Each structure stands twice: as structure tokens, then as C-alpha cells.
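# A look at the structure
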Amino acid sequence: MNLFLELRRHGKLAAKRHPMYEKNKFGKFWMYFMAVFWAGYLIFFGTTFAFALDEESREPYQIINGVLIIILALDFLMRFPFQKTPTQEIKPYLLLPVRRSRLIDFLLLRSGLAGFNFIWLFFFVPLAVINVSRYYGAAGVLTYCAGIWLLMVLNNYWFLLCRTLMNERIWWVFLPIVFYAGIGCALFIPDESPLFDWSVTFGEGFVTGNPLYFLGLIVAIALLWLVNRKVMQGLVYSELNKVEDTTVKVRNVSEYRFLDRYGEIGEYMRLELKLLLRNKICKASLRSIIIVVLAFSGLLGFTDIYDSTGMKNFIMVYNYVIFGTLFISNIMGYEGNYIDGLMSRKESIYALLRAKYILYSLAILLPFLLMIPAMVMGKLTVLSCLAWGIFTAGAVYFCLFQLAVYNNRTIDLNTKLTNRQNMGTGLQNLITFAAFGLPLMLNLLLTVLMGETGTNIVLTVIGAGFILTSRFWLKNIYHRFMRRRYKNMEGFRDSRQH
């Protein structure tokens, strides 16, 4: 217990002493605000469902119990942007006389007790107080909520296992897909699904306080704990000791010689391509983006789930902007690993910025091609897709590239498990939020005033204007960066992994 409390205190101190602590205050405020917002949202839905779901044969809480697997799947997806693997802080303690297994146990215990595992109680507590208490009293409400919390803890360790494996090999993404797809088929395809009845019975066991259900859940949590510990121990050892996978042979290493004709700009485009395609962090992020854009484009093109005008526009913006927000919002962060070499050459930063802009603008073609099925099916117009693509490459990228002046945090290129993850700075969060929100607001306003065709023409003109003047505003960004170069270089050095 003393080790747990001591390491927990160290984690808080490490966060406060990090060079980016002061700049993260806006991000923390925004995180707390969103947590309060979603808590209120869940309370509203829990109260609404307690009165709205009313059948002759089942109570509202029984209906919710029947679809618990859907809530668990939604919880699984929600964890991706907010929860990281809990091994980022193990590195400083490996030289101390403490067993590695105990360190990982501490990290897993802290993950199980994290506040994220309690968020769904804002939905289930109102539901239980209104509905369950009528039949089972306060004891039924307490045991029901305790069972739901244990389910979320189980889902937490299941997510950690899948996320850790996916960080190593992207093909592990099929593990949760097959798992949830199989359960979904068993739940919805049969007219009278036995899985639905079993889920209702399982939830009823929580309400009645049946010890067998709680014991079975605790055993499942313990098994996932042990599996996570075994997997993480092996991967952490490999990463910290720089163990390479010698079974994989490099058959072909592209040098992108077709870029030679573009001189210095081509050299930096080659550097950026190697950065994206040869480093663990960048490759994992790139694969994740492609999978998400492909999934959204497929759902838009081949289903009617997102047929509303608002959702169509949101998906178009998301597909175009996600690539830029993930990579450009961290612009110069990856280069922080070798910024001293870049600064030794005259105007190399300007050439790097131009190469990045050209490469990421060309990357706009990928979501455009992936949305062709939606265009063929008549869900999207070609003019709308072109307009949003040009507007993103122009106006949105103009905003995101301003971060090159202010970003001064080095992002490690290879370490995934032992790299401490940090929130972006306030400016990063603000600009990233604006990159999504402002285009949607502008589209809504222009559509009301000018109609869809007029809106697309205006977006195209605005985007083309920024694209045609890119040399001038990139030059401006370069000069402002050079005025801050010593401050930025100090930040890059302080935040490097040692």
C-alpha cells in the first residue's frame, strides 16, 4: 500500500514539474468542462430512459440490461481518444530495487480505479434510483451500481489489452471488431435472442445481489489483469532494452527518388515521408486515421445511418481535417528530436514548412477518393467534396500551420508504452477545436444565406485564395519562428526523452 501511495504522489509531482505544465492549464480546464457536460448529459438520458422505456413485460432497467453489451462497446470506443496504456511511468523506477511486476500491478490498479470507469454511473444511478428502488429499495440500487462499475472495470482491462496489442501490430484491431460483431449478430439477428435474455438475467443478478454473479465478474477481471501484466511485461522489456524483431526482413526500402527533381523541397518531402512511414508513433497514427476515415466513408456511402444534412457535412469536415489536426497540430514536435541539425542550415525551416504543406495538401486526395462511393450513391455532391477539400487545404491548414511558431515540445518517435503522454497546449486545443467547429458554423451560415451551390463556391474561393498565397504566409510563419527560435529550442531540449 505504501508503494501505491508513494508512486501515486510521484505521478502528481511529475505532472507539475513537466515543462509543459503551465501551458496545459487550458487543456485541463477544457477536459473538466467536458467531463461535467457529459455527466449532465448522461444524467439526463438516465432519467429520460427511466420514464420513457415502458413495456408490459419488462421494466426500463431490464431493457437496458438486455443491451448492456452495446453500452460496453460504446464505452470501449470512447476510451480511444481519452485513455492511454498505463505504462508511461514505469521507466524511472526500473533501476530501483522494486520488482517490475509490482510496478505494472500498481499501474493496472490505478487504471482500474480511474475516474473514467465511474462515468457511466451518471447514467445508471438515476435509472436505478427511479426504477430499481421501487422494487428492491436502496440495497438493490447499491448492488446494481456496484455490478455496473465492475463491468466497466472489466471493460477497462479488456480495452488496455486490445490497445496494447494494437500498438504493436495494427492487425490486432480485428480482435475487438470480431468480438463485438459476433456478439451483435447473436443479439440482433435471432428474433428471440437468448443472449438478450441472458443479459437481462445477468443484470438482475446485480440487482438482487447474487454473489455468484459478482464472483464470476471478479474472476474475469483477475484473469484479464494477469493477461495484461504478462503482455505488458514482455513489451516493456523489449522496448526499454531496444529488442528488435529479427524475424521481419526489410525487402525493399524506398528512397523516393522521384522527389529528386524538386531539389531542396523534395529532400524535405522525402524526410517527411520517412518520418510518417518508418516510425512507430507516426505509423500507428496514420493507420488509425485511414481506418477511421474508411469506416466513416463506408457508413456514409453504403448505409442510411448518417443521411441527415448535418451529419453528412460533419463527416466531410472530419475526413478532411482529421489528418491535419493529428499531424499538423504537433508540427515541429517530431522535428524537435533533431532541431539542432535543422537550425544549422540557412532557411531550412522554411523549406521544411513548404514541403509539409505540399505533402499534407496532397494527402487531401485520400479522403476524397474514399468518399467516391458516397458521391456515386448520391449522398454527397462532387462540388461539395471538392469545395471542402480546397477549403481544408487552404484556410484550415493556414490556421493549423500557425502552431509551428509556438510548439516547443518534442514528441518521441518510437517509444509508445513508456512515453509519457501529455495533453496539448491551450493554443493547440483551441486551434484544433476551431478547425472542426468554425468550418461547420461557416457552412451553416452560408447555406442559410446563399444555398448549397453558393456556399460551395464561396468555400472554394476562400480555400483557393489561401493556397495561392501559401508562399507568403509560410514565409511569415518562418520569420516569426526564427524570432522565437531560442525559446523554442530550449523547450524542445527540455522535453526530450532521456
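Since the model is a prediction, treat every value here as computed from it, not as a measurement.

## Let's talk about the side chain of Arg-79
Its location among the elements puts Arg-79 in helix α4 (residues 68-82). Here Asn-117 takes part through its side chain, which lies 2.9 Å from a polar atom of the side chain of Arg-79. At a separation of 3.3 Å, a polar atom in the side chain of Arg-79 contacts the main-chain carbonyl oxygen of Met-152. If we skip the residues at most four places from it in the chain, Arg-79 touches Phe-116, Asn-117, Met-152, Asn-155, Asn-156 and Phe-159.

## Re the packing of aromatic side chains
Under the criterion given, the structure shown has 29 aromatic pairs. Ring centres of Phe-44 and Phe-45 lie 5.6 Å apart, and the angle between their planes is 70°; on these two criteria the pair is classed as edge-to-face. With relative accessibility at 51%, the residue Phe-44 sits in the exposed group. Looking at Phe-45, the relative accessible area reads 28%, which means it is partly exposed. Between Phe-398 and Phe-466, the aromatic rings sit 4.9 Å apart at their centres with planes inclined by 35°, giving tilted as the arrangement. Here Phe-466 lies in helix α19 (residues 426-468) and Phe-398 lies in helix α17 (residues 382-401), a separation of 68 residues in the sequence. With a relative accessible area of 25%, Phe-466 lands in the partly exposed category.

## Topic: unusual backbone geometry
The phi dihedral of Met-332 falls on the positive side, at around 75°, and the residue is not glycine. One can find Met-332 in the loop between α12 (309-327) and α13 (339-343).

## Observations concerning the environment of Trp-158
By secondary structure assignment, the location of Trp-158 is in helix α6 (residues 121-168). You can call Trp-158 buried: its relative accessible area is 14%. Ignoring sequence-local partners within four residues, the contact set of Trp-158 consists of Phe-76, Leu-175, Pro-176, Phe-179, Tyr-180 and Leu-224. At 3.2 Å, the side chain of Trp-158 forms a polar contact with the side chain of Tyr-180.

## A word on the environment of Tyr-320
You can see Tyr-320 is positioned in helix α12. Given a relative accessible area of 1%, Tyr-320 falls into the buried group. Each C-alpha atom, one on Tyr-320 and one on Ala-393, is 8.6 Å from the other, the two residues being 73 residues apart in sequence. The contact partners of Tyr-320, leaving out residues within four places of it in the chain, are Ile-364, Pro-367, Phe-368, Met-371, Cys-385, Trp-388, Gly-389, Thr-392 and Tyr-397.

## Structural notes on the packing of α6 against helix α8 (residues 194-208)
Relative to each other, α6 and α8 sit at 115°, their axes nearing to 6 Å. Viewed along their axes, α6 and α8 adopt a mutual orientation that is roughly perpendicular. Between α6 and α8 lies a crossing whose hand is right-handed. Residues Val-132, Tyr-136, Gly-140, Thr-143, Tyr-144, Gly-147, Ile-148 and Leu-151 of α6 touch α8, and the partners they reach there are Phe-202, Gly-203, Glu-204, Phe-206, Val-207 and Thr-208.

## What to know about the pattern of salt bridges
All told, the structure shown has 4 salt bridges when counted by the stated rule. Linking Arg-79 and Asp-75 is a salt bridge whose minimum nitrogen-to-oxygen distance equals 2.8 Å. Placement of both Arg-79 and Asp-75 in helix α4 is noted, with a separation of 4 residues, approximately one turn of the helix. Neither Arg-79 nor Asp-75 differs from the other in exposure class; each is buried. Glu-272 is the salt-bridge partner of Lys-356, the closest N and O atoms lying 2.9 Å from each other. With a gap of 84 residues between them, Lys-356 in helix α14 (residues 348-362) and Glu-272 in helix α10 (residues 263-278) connect regions that are remote in the sequence. No difference in accessibility class separates Lys-356 from Glu-272, as the two residues are buried. Where salt bridges share partners, they join Glu-272, Glu-335 and Lys-356 into one cluster.

## Quick notes on the nonpolar core
If you look at the biggest cluster of nonpolar residues, it comprises 72 residues, and the most contacted ones within it are Phe-327, Met-332, Ile-339, Ile-349, Leu-353, Tyr-397 and Phe-401. If one sorts the elements of this core by residue count, α17 sits on top with 10 residues. Apart from the residues lying within four places of it in its own chain, the contact partners of Phe-401 are Ile-328, Ile-331, Leu-353, Lys-356, Tyr-357, Trp-473, Leu-474 and Ile-477. Counting residues in each nonpolar core, the second largest holds 48 residues, with Ile-71, Cys-145, Leu-150 and Val-207 among its members.

Quick notes on the rules
Residues numbered from 1 in each chain as written. Predicted model: local features only at pLDDT ≥ 70, side-chain atom pairs only at ≥ 80, totals over all residues. Heavy atoms only, no water. Helix = DSSP H or I, 4+ residues; strand = E, 2+ residues; numbered from the N terminus. Polar contact = N/O pair within 3.5 Å; in protein donor to acceptor, adjacent residues only side chain to side chain. Contact = heavy atoms within 4.5 Å. Phe/Tyr/Trp six-rings, centres within 6.5 Å; stacked < 30°, edge-to-face > 60°. Buried < 20%, exposed > 50% of the residue type's maximum accessible area, 1.4 Å probe, protein only. Axes fitted to C-alpha atoms, helices over the stretch in contact; angles between N-to-C directions. Parallel < 35°, antiparallel > 145°, perpendicular 65-115°, else oblique. Left-handed = near helix turned anticlockwise from the far one by under 90°. Salt bridge = Lys/Arg side-chain N within 4 Å of Asp/Glu carboxyl O. Core = buried A, V, L, I, M, F, W, Y, C linked by side-chain atoms within 4.5 Å.

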